[in-house]
Amino acid sequence: MYQAIVRPALFRWSAHDPEIIHHQMMAAMELAAHLPPLLRVIQAVSADADPKLARQVFGLRFPNPVGLAGGFDKNGRALATLAALGFGFIEAGGVTRFAQAGQPRPRIFRLPADGALINRMGLPNEGAEAIAQRLLSQPRPAVPIGWQLAKSKVTPLADATEDYLYSLRTLYPFADYFTLNVSSPNTPGLRQLQERGPLTELLTAVVTEAQRLAGPHLRPKPILVKIAPDLSESALDDVLAVALATGISGLIATNTTVTREGLHADPGEAGGLSGRPLFTRSLAVVRHLVRALDGRLPVIGVGGIFGPDDARRMLDAGAALIQIYTGFIYEGPGIIRRINHGLAAHQTASPRTQEVSV
Ligand SMILES: Cc1cc2nc3c(=O)[nH]c(=O)nc-3n(C[C@H](O)[C@H](O)[C@H](O)COP(=O)(O)O)c2cc1C
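Position numbers for residues start from 1 in each chain and track the written sequence from start to end. Predicted model: local features are reported for residues with pLDDT of at least 70 only, side-chain atom pairs are reported and counted for 80 or more only, and whole-chain, interface and lining totals are derived from all residues. Values shown for side chains rest on all heavy atoms present in the structure; no hydrogens or waters enter the calculation.

Chemist: Help me get a handle on the confidence of the model for the protein chain, residues and values and all.
Modeler: Do not read the predicted coordinates in detail wherever pLDDT is low. The pLDDT score gives, residue by residue, the confidence of the prediction method on a 0 to 100 scale. The predicted model of the protein chain averages 94 in pLDDT, with 97% of residues at 70 or higher. The low-confidence segment residues 350–358, where pLDDT is below 50, has zero contacts with residues more than four positions distant or belonging to other chains. Residues count as neighbours in contact if any of their non-hydrogen atoms are within 4.5 Å of one another.

Next comes the structure, spelled out in C-alpha cells:
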C-alpha cells in the first residue's frame with residue numbers, strides 16, 4: 001500500500017521540495033511520540049521482530065539489527081515513534097555544538113529511477129544545548145539510542161575537537177552510544193578529520209572525556225566513528241589503525257558518496273548520494289574493514305539497503321548491525337518488518353540448509 005498509493009501521493013505533493021514531506025512526517029511522528037495509546041497501536045501493527053534476532057554489540061543489547069541511520073531525526077523529536085515502528089536502534093542527530101540552519105532549500109533531490117537521493121542538508125539542527133534541555137522531559141525509548149555528533153559550520157577545523165567534546169558532555173546522559181560524524185560531504189573540511197593526525201587527536205580526546213564522564217566505576221559509553229565511502233583502501237587502513245589505537249568501540253560504514261557512479265541520469269546537484277547506487281561500495285568498504293579488523297571491533301553497515309536480501313548480504317559481509325535511511329523513504333516503514341522477517345526466516349532455515357548440503 002505504501003508504494004502503490006502513499007508514496008506516489010507524497011512524492012507528487014512534495015515534487016518541488018522533497019523536504020516538505022519530511023517535515024510533515026516528522027510532525028506526525030512527534031505528535032504520536034506523546035500519545036502512548038497510539039504508540040502501542042503502531043507497535044502492535046509494525047514491530048514484531050523475532051527474539052532470536054536480538055544481539056549484543058559493543059556492550060549494548062539490540063532487539064533486532066535494523067537501525068535508523070543518522071540524519072533522519074536530527075533533533076530527536078520522534079524517537080519513541082521510530083522505536084514503535086520496529087527499529088532495533090536509532091541514531092539521532094547529527095548534532096552540532098551551535099544551532100545551525102543548514103544549506104538553503106531545496107537541498108534534497110529524489111532520483112526515483114535509481115532509488116536514490118542527493119542531499120546537501122548541511123546538518124541543520126537545534127544545537128546540543130537546546131536538544132538536551134528538551135530531552136530532559138522526554139521518556140527514553142526501550143531501544144538503544146545513539147547520538148551523532150558533528151562539527152558546527154562556524155567552528156574552524158582547528159577547533160573541531162572542542163566542538164565535539166562540548167556536544168558529548170551536553171548529551172552524555174541521553175545516549176546509549178555516540179557516533180562521531182567525520183564524513184558528511186556537506187560541511188566544508190569535515191572529511192579531513194578522517195586523516196590520521198586529526199582523527200587521532202579527535203578520538204583520543206573524545207575517548208578520554210567519555211571515560212571521565214563515566215567516572216571511575218562505570219564503563220564509558222561506546223564511541224563510534226562514521227566514515228565516507230570515498231576513502232581509498234590505504235585511507236581506510238589509516239582509519240582502522242587510529243580506531244584500534246585510540247580504543248573506540250566501532251565503525252559505521254558508510255555515509256553518502258560524492259561520486260555519481262551507477263546513475264541513470266545525474267541531475268547535476270551538489271551533495272551526497274545515498275540509496276541503491278551506494279550499496280556495492282558500502283558493502284565493499286564493510287567487507288574490507290571486517291577483514292582487516294578480524295573481530296577486534298564491530299562494524300555497522302549502511303548504504304543502499306532496500307530489503308532483506310541487501311540486509312543479509314551486509315550481515316554476511318560481517319556487519320554486526322545495519323542502518324537504513326533512503327530505503328526507509330522509498331519503501332516506507334514496512335521495510336523494517338520485511339527485513340527482520342527475512343533475517344529471522346534465514347536464521348531458522350540456515351542450519352537445516354547446511355545439514356542438507358553436508
Ligand atoms: C536527507 C539525508 C540526511 C542525512 N543526514 C545525515 C547526517 O546528519 N549525518 C550522517 O552521518 N549521515 C546523514 N545521512 C547519511 C545516512 O545516514 C546514510 O549514511 C546514507 O544515506 C547511506 O544510507 P542509505 O543509502 O540507506 O540512505 C543523511 C542522508 C540523507 C538522505
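And the narrative resumes.
Chemist: Kindly report on empty space enclosed by the protein, identifying the contributing residues and their values.
Modeler: Here a cavity denotes grid points, spaced 1 Å and computed from the protein atoms alone, that fit a 1.4 Å probe unable to get out, and a pocket denotes an open set having protein on both sides within 12 Å along at least 5 of 7 lines; residues with an atom within 4 Å of a point are the lining. Grid points are joined across faces, edges and corners, and a volume is the space filled by probe spheres set on the points. Taken as a whole, this structure holds one cavity of 30 Å³ or more when the rule is applied. Here the largest cavity defines a volume of roughly 70 Å³. Lining the largest cavity we find Ala33, His34, Arg77, Ala78, Leu79, Ala80, Gln138, Pro139 and Pro141. Within the lining of the largest cavity, the residues separate by chemical class into six nonpolar, two polar and one charged. Throughout, the ten residues Ala, Val, Leu, Ile, Met, Phe, Trp, Tyr, Cys and Pro are labelled nonpolar, Asp, Glu, Lys and Arg are labelled charged, and all others, Gly among them, are labelled polar.

Chemist: Can you explain the sheet that holds strand 5 (residues 108–111)? Please cite residues and give values.
Modeler: For two strands to count as paired, DSSP must find a minimum of two bridges between them. Strands are runs of DSSP state E lasting at least 2 residues, helices are runs of H or I lasting at least 4, and numbering of each runs from the N terminus. The antiparallel open sheet is built from three strands, whose spatial order is 5-6-11. The sheet terminates laterally at strand 5 and strand 11 (272–275), the two strands that pair on one side only. Taken pair by pair, the neighbouring strands of this sheet meet at an average axis angle of 25 degrees, ignoring direction. Inspection of the sheet shows strand 5 paired to strand 6 (residues 116–119) by four bridges, in the antiparallel sense. The residue bridging Leu111 from the neighbouring strand is Ala116, located in strand 6. Only the contacting stretch of a helix is used when fitting its axis, a line to C-alpha atoms as for every element, and angles between N-to-C directions run 0 to 180 degrees.

Chemist: Could you give an account of the sheet that holds strand 8 (residues 177–181), naming the residues involved and the relevant values?
Modeler: Strand order in the closed barrel formed by eight strands is 3-4-7-8-9-10-12-13, with parallel pairing between adjacent strands. In this sheet, adjacent strand axes meet at a mean angle of 25 degrees when their direction is disregarded. Inspection of the sheet shows strand 9 (residues 223–227) paired to strand 10 (residues 250–253) by four bridges, in the parallel sense. Bridge assignment links Lys226 to a residue of strand 10, and that residue is Ile252. The strands touched by helix 9 (residues 279–293) are strand 9, strand 10 and strand 12 (299–302); relative to strand 12, the strand with the most contacts, the crossing angle is about 170 degrees.

Chemist: So what's going on with the packing of helix 7 (residues 196–214) against helix 8 (residues 233–246)? Which residues, and what values?
Modeler: At a closest axis distance of 10 Å, the pairing of helix 7 and helix 8 adopts a crossing angle of 25 degrees. As summarised for this structure, helix 7 and helix 8 are arranged roughly parallel, according to the angle between their axes. By crossing handedness, the relation of helix 7 to helix 8 is classed as right-handed. In this structure, helix 7 uses Arg196, Leu199, Thr200, Leu203, Thr204 and Val207 to contact helix 8, whose residues at the interface are Asp238, Val239, Ala241, Val242, Ala243 and Thr246. Roughly parallel refers to an angle under 35 degrees, roughly antiparallel to one over 145, roughly perpendicular to one between 65 and 115, and oblique to any angle outside these ranges. Crossing handedness follows the turn of the near helix against the far one: under a right angle anticlockwise gives a left-handed crossing, and clockwise gives a right-handed one.

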